[in-house]
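Summary of structural features
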Amino acid sequence: MIIWQTPAGLALALFMLGLLGLLARRSLVFVLMSIEIMLNAAGLLFITAGMRWGNPDGQIMLVMVLNLAGAELALGLILILRLRNRITNLDGDAANILRDVP
Amino acid sequence: MMITFYVAASLTLLTTALAITRSNPVHALLYFVISLVSMGVIFFTLGAPFAAAMEVIVYAGAIMVLFLFVIMMLSLNKVTVHREAGWIVRSVWVLPLFLVAGLGSELARVFLGGGSVGMIRVVSPQEVGVRLFTTDISTVELASVLLLTGLIGAFHLGRKER
Amino acid sequence: MITYLWLIPALPLFSSVILGLFGPVMGPRVSGAVGTISVGLAAVLAVSIGLHWISHPPTNSIYEQTLWAWITLPGFSINLGLYLDPVSLLMVLVITVIGCLIHLFSTEYMHGEDGYSRYFAYLNLFVAAMLLLVLADDLAVLFVGWEGVGVCSYLLVGFWFSEPTNGYAARKSFVVTRIADIAMLAGLLLLSTKLGTLNIQAMLTGAVATWSAGSLMPTVATSLLLIGGLGKSAQVPLQTWLPDAMAGPTPVSALIHAATMVTAGVYLVVRTHALFLLAPHVLDAIAVGAVITLLVAAFAGLVQSDIKRVLAYSTMSQIGYMFLALGVGAWPAAMFHFLTHAVFKALLFLTAGAIAMRLNHEQNIFAMGGLRSKLPLAFWAFLIGSASLAALPIISAGFFSKEMILGAVAAAPMPGLILWACGILGAVLTATYIFRVVFTVFLGPLKTEVSGSYGVRIAVPLVTLSVGALVVGWLETPEGLGNQTIFSRFLTPAVGVFHHLPVSFMIPLLGFAAPLLGIGIAYVLHRNGTWARATTTMPSKLTIFIRSGCGFDMLYDELFVVPYMTLVRVLRHDPVDSMFAGLQYLAIVAHRRLRAMQIGQIRRYASWMMAGSVATIAILLFS
C-alpha cells in the first residue's frame, strides 16, 4: 500500500533537484536538462494524482507533458545549436547582450 | 510492489542527483535516461501501465536519444568538460539551495495537509485510450498543434543562415 | 416727461459705448462733445423731471418704472427697474448736473492728453453706473451699479497707467473696496434668503414686519451692508484707498472721489434706513466710527503738502459728518450735507485742477504762493469753496448743512453732546487746514511761473459751482435765519419728517464761532511762518504718523500684506507640488536601482522568479 504522499514527495524532490540544477548550472545543456527533470517531476505528480483518484486523467495529462517536453526540447536544442555560433562554450551567463546598459 | 517502488524511487533520486552534478554532459544524460526508465517502473507500480510504457518509449527512448545526438553534434571535448567542472564550485549552490528549501518546505506542508489515501485501482491503457479519443479529444488536438508548432519552429530555426 | 426716466442712465451708457467703439476715430473734439452732451442731455432731462415733480408730484411721491425681468426663479425674482423718489431724484440731479459741469471742465483740462476719448468713455460709463446705482429699485441692481462705479473708479484712478504708482493706487482702491463689497454681497444674500426678495421697498416692508428692533438678524444684515458702505465711502477702517486714489486726473477726483461715488455709502444707508432703524446698535457704531473718521481725516489734512491730498482727507472728513448725521437718524441732514458737499468739493477739486493746469501740474502747496492776483478766478472760486468747506457762517452753503447735522447730533440722546463736541473740534480743524491751503497758495510772494489762460469751458463750471456753493445752503436754514425747510419737506415722503429739535443757544453759537476760530488759527500760523517752516525742518515722528493717515496703511501692511506676501513667497515654490516631485524622484531612484538588476543573466532572472513564486506561495499558505 503506497499512500499518495510518497510519490508526491518523490516528485517534489525531483522538482527541487531540477530547480537546483537550473539555478546553479551555467552550461545551457544542463539548463535544458534541468527543465526536463522538472517536467518529468510534474508528470510524476500527475500520475500520482491519477492514482489517488483512480482516474485516467493523470495519464492523459502525462501524454500532454510528454508532448510539451518533446516540442520544447526540439526548440531548445535548435536554439543551443544556433547559440553555439555566437558563444562557443555554451555559457548561459555570456548570453547577456539584451542587458540594460546604463 | 512496495519494494519495487522504493528501489525505483531511490534509483531515480540518485541518478537525477548525479545527472545534475556531472561535468560531462554525455554522462549526465545517461544518468538521466536511467532515471527516466526507473520513473517508468514507478509509474507501473502506481497503477499506470500506459504512462509507464510512454515514459520509457517516448521519453527515454526518443526524446533523450535526440538530446544525446545533438550533444554529440556539439563535439564537446576534454577542454569543455574541464571548464564545466570549473564552474561547479560550492558557492553556486548556496542561493539556489535556500530557494529550493523554501519551496520544498512550503509544498511539503501542502502535501502533508491532505488525507493519506492509497491506490484505488489500476487504470488500464484501454480506459485511457477510450477517454483520450472520446471526451478528451481536444487534448489530442492540442497535442498535435503543439507538436506542429515545435516542428515549424525547429524547421525555421534550423535553416542555414544566408 | 417722467416716462423718459430710463433715458437718464441710458444716455451716458450709450455714449460710453459709442466712445469706446469709435472714440479713437472721432478725434478729441467730437468725443469730448459726445461725452459732455450725453451727460448734459441727461442733466436737462433730470432737471425737467425735477421741475415737473415739484409742480405735480406723483402718488406717494414715488415713481416706479420696471424695464424687464432680469432673474426669475421659483420664489425669487429680480426685476431691472428704476425707482424714483425724492432721495434718488436729488442724487440724480446732483450726479447729472455736477457730472455735466465736470465733463465740460474735462474737455479743456484733458486737452492734448493721450486717451482723450478713452477718458470720456470711462467717465460716461461711470455716470451711467452711478445713475443705475441711485435709481435701482432692487438691491441686486443697485449692486450692479455699485460694482460698475468701482470698476470705473479703478479705470480712472489708473488712467495714466504708464506710471507704476498710479497702477498701484488703482489696484489699492479696487481691492479695498472689493473687500467691503464682499461683506455687502454677503448682506444681500442674507437679506434675500431671509426675506425672499431684494426689491428695496418690499424688502424693507418685510423686514419691519418680521424683525423686531434690536434683534440679531437686522443687526447682522445692516452691519454687512454698512461695511460695504464704509468701504465705498472711505470711512474708518476702510478709508486707506482714498488718498491714493488722487493719482487719477483731477476732474475724476472731483466727480468720483468727492461728489458722487464716495457718497454711495450714505445713499445706501438712507435708502435702507428703515432696516437700520431696526438695528440701533449699528447706528451707534456708525456715529462713533464717523467721529473717528472725521477727526483722523481732519488731523491728517492738517499736515499734507499735496493740495489734492488735503482735499481727499477733507472729503473723508466731510463724509464722516454725513455718517454722523446718519448715526443719529438725521437722514435729511445727511442728504443736505451730501448736496452742499457735492457742490463745494467739486468746486474745490476743479479749482485745484485749474490751478495745477496753469502751474505745469504742480500740486505741492508750498511750491505755490501769491497766486491771488495772477489767478483771480481760481482764487475766488477756491475761496468760496473753502469758505463752504470750513462752514463760514451765513455766506456759505456748508455752514447750513453742517449746522443742521451738528444741531441734530447735539439734540440726540446721551452720547450726543460728546459726538457734537468732536464735530465742533472737527469743524475748527477743517477751517484750519483748508485756510492753511488758501493762505499758503494765494498769499505771500509769487513762487512759480504762471502760463496759459482759462477758456470758457473752465470758467463756466467754476462760476456755476461757486454760485451754487454760495446759495444752495438757503434751501434749509435754522431758526433765526429764515427757518426755511424746503429741503426737508422735499425729502419728507421718502425719509419722514425732520424736526429741528430745540437745543441750547450755545450750540449754534459755537457752530458760528468754530470756523472763525479755525480760520484765525490758520491765519496766525501763516503770518508767523509756522506752516512754511514745517516743510523745511525735519518732521517729527508724530507729524509723520498723522501725515500717513494715522498709520492705517502701515497697520494693514503689517496685518495683511506682509503675511500674505510671506505666504505667496512660500507658495511660490509649490510646497504641495514638491510632494509629487518627491514621488517622481522616488520613482527615478527606484528605477535606477531596479535597472541594475537587468543584467541579462538568465540564471539571475530565474532566481528572482523563483523567489517571487516562493513568496507568493507563502502568502497564499499563511494568510
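Rules used in this analysis
Sequence positions are assigned chain by chain, starting from 1 and proceeding in written order. Each chain takes a letter, starting from A, and each ligand takes a number, starting from 1, following the order in which they are written. Since the coordinates come from a predicted model, pLDDT governs what is reported: local features require at least 70, and pairs of side-chain atoms require 80 or more to be given and counted, while whole-chain, interface and lining totals use all residues. Hydrogen atoms and water are omitted, and side-chain values are computed over all heavy atoms in the structure. As defined here, a cavity is a set of points on a 1 Å grid over the protein atoms alone where a 1.4 Å probe fits but cannot get out. A pocket is an open set with protein on both sides within 12 Å along at least five of seven lines, and residues line them when an atom is within 4 Å of a point. Grid points are joined across faces, edges and corners, and a volume is the space filled by probe spheres set on the points. Secondary structure elements are taken from DSSP: a helix is a run of H or I of four residues or more, a strand is a run of E of two residues or more, and numbering for both begins at the N terminus. Under the scheme applied here, ten amino acids are nonpolar (Ala, Val, Leu, Ile, Met, Phe, Trp, Tyr, Cys and Pro), four are charged (Asp, Glu, Lys and Arg), and all others, including Gly, are polar. Each Phe, Tyr or Trp ring (for Trp, its six-membered ring) is paired with any other whose centre lies within 6.5 Å, and the angle between the two planes then decides the class: stacked below 30 degrees, edge-to-face above 60, tilted in between. The rule is simple: take the accessible area with a 1.4 Å probe, protein chains only, and divide by the maximum for that residue type; under 20% is buried, over 50% is exposed, in between is partly exposed. Placement of a positive charge over a ring is assigned whenever Lys NZ or Arg CZ falls within 6 Å of the ring centre and within 35 degrees of the normal to the ring plane.

Let us now look at the layout of surface pockets. Computed from the structure, the largest pocket encloses a volume of approximately 840 Å³. Considering the residues around the largest pocket, the lining is formed by 31 residues, among which Leu22(A), Leu28(A), Val31(A), Ile35(A) and Ile602(C) are closest to the centre. The set of elements that each furnish at least two residues to the lining of the largest pocket consists of α1 (5-24), α2 (28-53) and α3 (57-84) of chain A together with α26 (602-622) of chain C. The element that contributes the greatest number of residues to the lining of the largest pocket is α26(C), accounting for 7 residues. Each residue belonging to the lining of the largest pocket can be placed in one class, and the counts come to 21 nonpolar, 5 polar and 5 charged. Taken together, 23 residues make up the lining of the second largest pocket; nearest its centre are Leu90(C), Leu93(C), Leu339(C), Val472(C) and Leu475(C). The element contributing the most residues to the lining of the second largest pocket is helix α2 (residues 86-109) of chain C, with 7 residues. Of the residues that constitute the lining of the second largest pocket, the class distribution is 19 nonpolar, 3 polar and 1 charged.

Counted under the stated rule, the structure contains 19 aromatic pairs over all chains. With 5.1 Å between their ring centres and 50 degrees between their planes, Tyr154(C) and Phe174(C) make a pair best called tilted. Of this pair, Tyr154(C) sits in helix α4 (residues 139-157) while Phe174(C) sits in helix α5 (residues 164-195); the two residues are 20 residues apart in sequence, bridging distant segments of the chain. Take Phe174(C): its relative accessible area is 25%, and that puts it in the partly exposed class. Considering the side-chain rings of Phe336(C) and Phe487(C), the 4.8 Å spacing of their centres and the 40 degrees angle between planes classify their relative orientation as tilted. Highlighted residues: Phe336(C) in helix α14 (residues 331-358) and Phe487(C) in helix α20 (residues 486-495), separated in sequence by 151 residues. Classification of Phe336(C) by relative accessible area gives buried; the value is 0%. Assessed through its relative accessible area of 4%, Phe487(C) is described here as buried. Every member of this aromatic cluster is reached through a ring pair, and the members are Tyr116(C), Tyr119(C), Phe120(C), Phe159(C) and Trp160(C). Positioned above the aromatic ring of Trp53(A), the side-chain terminus of Arg52(A) is 3.9 Å from the ring centre. If you follow Arg358(C) out to its NZ or CZ, it ends over the ring of Tyr454(C), 4.7 Å from the centre.

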